[in-house]
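# A closer look at the structure
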Amino acid sequence: MSTTQRSESMHAFFDGYVNSKPTLKQFVEQYENALAKKIENENNEEFNSFNSCIPCMVGYEMEKQFQSAYTMAKFEEFQQELMGKISCDLSSYKKDAYISKYEVAEDILFGESRRRVSFNVCFDEDTNEVYCNCWLFEYREILCRHQIVVFIHKRVDQIPNKYIL
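For the structure given in this document, a descriptive report is provided here. Within any chain, residue numbers begin from 1 and follow the written order of that chain's sequence. pLDDT decides what is reported in this predicted model: residues at 70 or higher carry local features, side-chain atom pairs at 80 or more are listed and counted, and totals for whole chains, interfaces and linings draw on all residues regardless. The side-chain figures draw on all heavy atoms in the structure; neither hydrogens nor water molecules are used.

### A word on the packing of helix 4 (residues 72–84) against helix 6 (residues 145–153)
Where helix 4 meets helix 6, the axes come as close as 8 Å, and the angle between the chain directions of the two elements is 65°. Taken together, the axes of helix 4 and helix 6 lie roughly perpendicular to each other. When the axes of helix 4 and helix 6 are compared, the crossing they make is right-handed. Across from Phe78, Gln80, Glu81, Leu82 and Gly84 in helix 4, the residues of helix 6 making contact are Arg145, Ile148 and Ile152. Ten residue types, Ala, Val, Leu, Ile, Met, Phe, Trp, Tyr, Cys and Pro, are classed as nonpolar, four, Asp, Glu, Lys and Arg, as charged, and the remainder, Gly among them, as polar. Taken together, the residues of the contact of helix 4 with helix 6 break down into four nonpolar, two polar and two charged. To get an axis, fit a line to the C-alpha atoms, keeping to the stretch in contact for a helix; angles then go from 0 to 180 degrees between the N-to-C directions. Only DSSP runs of H or I reaching four residues or more are called helices, and only runs of E reaching two or more are called strands; each is numbered from the N terminus. Angles below 35 degrees are treated as roughly parallel, those above 145 as roughly antiparallel, those between 65 and 115 as roughly perpendicular, and all remaining angles as oblique. With the far helix as reference, a near helix turned anticlockwise by less than a right angle produces a left-handed crossing, and one turned clockwise produces a right-handed crossing. The contact criterion used is simple: two residues touch if any of their non-hydrogen atoms lie within 4.5 Å.

### Here's the deal with the sheet that holds strand 4 (residues 130–132)
Strand-to-strand pairing in sheets goes through backbone hydrogen bonds, with the strands running parallel or antiparallel. Strand order in this open sheet of four strands is 1-2-3-4, and the pairing throughout is antiparallel. The open sheet terminates on both sides in strands that have one partner only, identified here as strand 1 (88–96) and strand 4. Strand-to-strand, the axes of this sheet are offset by a mean angle of 25°, without reference to chain direction. Here the rule is simple: two strands pair whenever DSSP picks up at least two bridges between them.

### Quick notes on the packing of helix 3 (residues 61–69) against helix 4
The N-to-C vectors of helix 3 and helix 4 enclose an angle of 160°; their axes lie 9 Å apart at closest approach. Considered as vectors, helix 3 and helix 4 are oriented roughly antiparallel to each other. For helix 3 against helix 4, the interelement crossing comes out right-handed. Residues Met62, Glu63, Phe66 and Gln67 of helix 3 touch helix 4, and the partners they reach there are Phe75, Phe78, Gln79 and Leu82.

### Comments concerning the packing of aromatic side chains
Here the aromatic set is Phe, Tyr and Trp, taking the six-membered ring for Trp, and pairing holds for ring centres within 6.5 Å; pairs whose planes are under 30 degrees apart are stacked, those over 60 apart are edge-to-face, and all others are tilted. By the definition in use, this model includes nine aromatic pairs. Taken together, the ring pairs in this structure connect Phe66, Tyr70, Phe75 and Phe78 into an aromatic cluster.

### Brief notes about the environment of Phe137
Mapping Phe137 onto the fold places it in helix 5 (residues 136–140). Measuring from C-alpha to C-alpha, the distance between Phe137 and Leu165 comes to 9.8 Å, with 28 residues separating the pair along the chain. If we ignore the near neighbours within four places in the chain, the residues touching Phe137 are Ile142, Leu143, Gln147, Lys162, Tyr163 and Leu165.

Structural data, given as structure tokens:
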């Protein structure tokens, strides 16, 4: 974030609370008021998020599971990944003991053209744990479309709780 952006962000935070030349006492009081209002707004957003509902688009049980567990914003992220599975398909499969290894090919848009990119997904048959080398879950704590494709292929309706963060 640049210095200008930080300054604008600071002005937006204090907008309506602090005048241009407050005393130290006034500044502290106005700062406390601004902070209290910010917390109130965040609490209202969270309350509204948990008390409103985005409809399921596909109807998989896993979608309903995430709908009831996530905030609206996080559920929208999950739905984007769920819809993104349309551009994916399983291109190969290997099984070693309890681990199934899948190659999930995805058509990805690069500029004006599409390129086929492969991702490796490992699925543990005993625990229903899944790992993908795109690392979306590790970075953004949301199942990726490649993992979703494998869960659907394996007919896993209830996603293990470790994937609902």
